[in-house]
Amino acid sequence: MLRSGKALQLVARQARFDHFAEALGSSGWNASQTRGLGGDKVPEYFGKPSPYTEGTAFLGTPTNHEELVSKRPLSPDVFELGSVTQPHYKMPWGAISSIANRATGAALSVGFAAAGYIALTGDLPGALASFKTNYPLLVFPTKLLISFPLVYHYLGGMRHFAWDLHKIGNQADKTSLLETPKVEQSSQVLLGASLALSVLAAIL
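Chemist: Help me out: how do you make sense of the overall build of the protein in this one?
Modeler: Counting secondary structure elements, the protein contains six helices and zero strands. Along the protein, from the amino end to the carboxyl end, the secondary structure elements read α-α-α-α-α-α. Evaluated residue by residue, the protein yields a buried proportion of 16% over its 204 residues. Put simply, of all contacts in the protein between residues at least 6 apart along the chain, 47% involve residues at least 24 apart. When the accessible surface of the protein is summed, it comes to about 15,900 Å², and 67% of that surface belongs to carbon and sulfur atoms.

Chemist: In this structure, what is going on with the packing of aromatic side chains? I would like to understand it.
Modeler: The description of an aromatic ring pair uses the distance of the two centres, along with the angle that the planes make with each other. Tallied over the full model, the rule gives two aromatic pairs. Measuring from centroid to centroid gives 5.6 Å for Phe-131 and Tyr-135, while their planes differ by 40°, and the two rings are tilted. With relative accessibility at 28%, the residue Phe-131 sits in the partly exposed group. With centroids separated by 5.6 Å and ring planes inclined at 25°, the aromatic side chains of Phe-148 and Tyr-152 adopt a geometry described as stacked. With Phe-148 and Tyr-152 both in helix H5 (residues 139-165) and four residues apart, the pair spans about one turn of that helix.

Chemist: Sorry if this is basic, but what is going on with a nonpolar patch on the surface here?
Modeler: Together, Met-91, Trp-93, Ile-96 and Ile-99 make up an exposed nonpolar region whose accessible area comes to about 370 Å². For Ile-99, the position within the fold is in helix H3 (residues 93-121).

Chemist: Got a minute to help me understand the packing of H3 against H5 in this structure?
Modeler: The description of two helices packed together rests on the angle between their axes and the distance between the axes. H5 packs onto H3 with a crossing angle of 130° between their chain directions and a minimal axis gap of 9 Å. Our classification of the angle between H3 and H5 gives oblique. In this structure, H3 meets H5 at a crossing whose hand is left-handed. Between H3 and H5, the contacting residues are Ser-97, Ala-100, Asn-101, Thr-104, Gly-105, Leu-108 and Phe-112 on the first element and Phe-148, Pro-149, Leu-150, Tyr-152, His-153, Gly-156, Arg-159 and His-160 on the second. By residue class, the composition of the contact of H3 with H5 is seven nonpolar, seven polar and one charged.

Chemist: What exactly am I supposed to notice about the side chain of Asn-101 here?
Modeler: Checked against the element boundaries, Asn-101 lands in helix H3. Once residues lying within four places of it in the same chain are set aside, the contact partners of Asn-101 are Tyr-152, His-153, Gly-156 and His-160.

What counts, and at which threshold
- Residues numbered from 1 in each chain as written.
- Predicted model: local features only at pLDDT ≥ 70, side-chain atom pairs only at ≥ 80, totals over all residues.
- Heavy atoms only, no water.
- Helix = DSSP H or I, 4+ residues; strand = E, 2+ residues; numbered from the N terminus.
- Buried < 20%, exposed > 50% of the residue type's maximum accessible area, 1.4 Å probe, protein only.
- Contact = heavy atoms within 4.5 Å.
- Areas by Shrake-Rupley, 256 points an atom, 1.4 Å probe, with all protein chains shown as cover.
- Phe/Tyr/Trp six-rings, centres within 6.5 Å; stacked < 30°, edge-to-face > 60°.
- Patch = residues over 30% accessible without salt bridge, like charges linked within 9 Å, V, L, I, M, F, W, Y side chains within 5 Å.
- Salt bridge = Lys/Arg side-chain N within 4 Å of Asp/Glu carboxyl O.
- Axes fitted to C-alpha atoms, helices over the stretch in contact; angles between N-to-C directions.
- Parallel < 35°, antiparallel > 145°, perpendicular 65-115°, else oblique.
- Left-handed = near helix turned anticlockwise from the far one by under 90°.
- Nonpolar A, V, L, I, M, F, W, Y, C, P; charged D, E, K, R; others polar.

See below:
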């Protein structure tokens, strides 16, 4: 008896689905229309009276709402309108340090792969000695470019270890290392210390 009841429920559910699919098909709907506001068969009622609402004019919606929407840029904007250099949002130190951590990790992967390739197919110590002899002015900046990813990625990893082992805290406990002010502070210290140690390593 229970099985027959479940079977009837499945049949009824399938019938409702078939009816819905048939209605969508007859309206000309297709998946490509989902990017818009319901496709070209479903009007946008926002801001004006409809069978469902009296509209939002009482909230101050402008009469040219649809025209303004058509001119509105995608959000969130990376840069200010009309500019490709002025960022739309201020980049926090935590985001800068996070991006730098990933960038240095990628740089280390590429650098170690290149060094390994040279070592396997040629003479890595000889290539380094030749570079120092032929391009003495580039030795310091090259050593700096190599040392910074190493130092920064290592110190960034140590910070993540500290975050993992330290208590996370809650909304009432503001002593967590993951609180925004402490993340900003540790990011500035991380970047400054990495740059100072990298310069020192490049001098040696």
